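Summary of structural features
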Amino acid sequence: GLAPAQQQRRWRTSREGKRYLLESLLSQVWKVLLAYVSLCRRVSPAAHDAALSLALRLPLLPAATDYPSDDLSELQRRALTDFAELLGIAFQRKPNSRRFYATPHAASLLAAFDSA
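Analysis parameters
- Residues numbered from 1 in each chain as written.
- Predicted model: local features only at pLDDT ≥ 70, side-chain atom pairs only at ≥ 80, totals over all residues.
- Heavy atoms only, no water.
- Phe/Tyr/Trp six-rings, centres within 6.5 Å; stacked < 30°, edge-to-face > 60°.
- Helix = DSSP H or I, 4+ residues; strand = E, 2+ residues; numbered from the N terminus.
- Buried < 20%, exposed > 50% of the residue type's maximum accessible area, 1.4 Å probe, protein only.
- Expected span 1.5 Å × (residues − 1).
- Contact = heavy atoms within 4.5 Å.
- Salt bridge = Lys/Arg side-chain N within 4 Å of Asp/Glu carboxyl O.
- Core = buried A, V, L, I, M, F, W, Y, C linked by side-chain atoms within 4.5 Å.
- Polar contact = N/O pair within 3.5 Å; in protein donor to acceptor, adjacent residues only side chain to side chain.

Thoughts on the packing of aromatic side chains
- This model, assessed by the stated rule, comprises three aromatic pairs.
- Taking 5.8 Å as the distance between ring centres and 35 degrees as the angle between the ring planes, the aromatic pair formed by Tyr67 and Phe100 counts as tilted. Residue Tyr67 is located in strand E1 (residues 66–68), and its partner Phe100 is located in strand E3 (residues 99–102); the two are separated by 33 residues in the primary sequence. No difference in accessibility class separates Tyr67 from Phe100, as the two residues are buried.

Listed below in structure tokens is the structure:
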């Protein structure tokens, strides 16, 4: 690395982290999605409701069809950008794009209910 040896920090994966990495991708996405929505609850009830409603809407949208982001609230647009960048359940050409797409990855979130 570029830092002197005494300043380098060694990252280690915890036991829980190793367990997480061995889970299915679907399970990983659900865990991150639930943590994101929970974090939004701490920010504000409105942010929580916006993130939750978008998280429940995306899996129901046909993949590869573009949708206007103008129909979303400002808080939902923020969540959309996070969902695109962090989870891959949405796609935007640019973070401030006026169109978005649900991904096949979003549709797979519903599969968890089918197999339960």
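Topic: helix H4 (residues 74–87)
- Here H4 spans 19 Å end to end across 14 residues, near enough to the 20 Å set by a 1.5 Å rise per residue.
- Of the residues making up H4, those classed as buried are Gln76, Ala79, Leu80, Thr81, Phe83 and Leu87.
- Contact partners of the buried residues in H4: helix H2 (25–43), helix H3 (45–57), strand E2 (90–91), E3 and helix H5 (104–107).
- Gly88 lies just past H4 and shows a positive phi near 75 degrees.

Regarding the pattern of salt bridges
- One pass over the full model with this rule turns up five salt bridges.
- Note that Lys31 is salt-bridged to Glu23, the shortest N-O span being 2.7 Å.
- Given the relative accessible area of 42%, Lys31 is considered partly exposed.
- Overall, the relative accessible area of 24% leaves Glu23 in the partly exposed class.
- Ionic pairing is found between Arg98 and Asp70, a salt bridge with its closest N-O pair at 2.8 Å. With Arg98 in the loop between E2 and E3 and Asp70 in the loop between E1 and H4, this residue pair connects regions lying 28 residues apart in the sequence.

A few points about the nonpolar core
- Membership of the largest hydrophobic core comes to 23 residues, with the highest contact counts inside it found for Leu33, Leu54, Leu58, Phe83, Ile89 and Phe100.
- Put simply, the parts of the chain that give this core at least two residues each are H2, H3, H4 and E3.
- Take this core: its biggest share by element is five residues, from H2.

Some remarks on unusual backbone geometry
- Non-glycine residue Ala64 carries a positive phi angle of around 70 degrees.
- Tracing the backbone through its elements, the reader meets Ala64 in the loop between H3 and E1.

Comments concerning the environment of Ser53
- Residue position: Ser53 is located in helix H3.
- Looking at Ser53, the relative accessible area reads 33%, which means it is partly exposed.
- Linking Ser53 and Gln76, residues 23 residues apart in sequence, is a C-alpha distance of 8.2 Å.
- Within the local environment of Ser53, its side chain forms a polar contact with the backbone oxygen of Ala50, the two atoms lying 3.1 Å apart.

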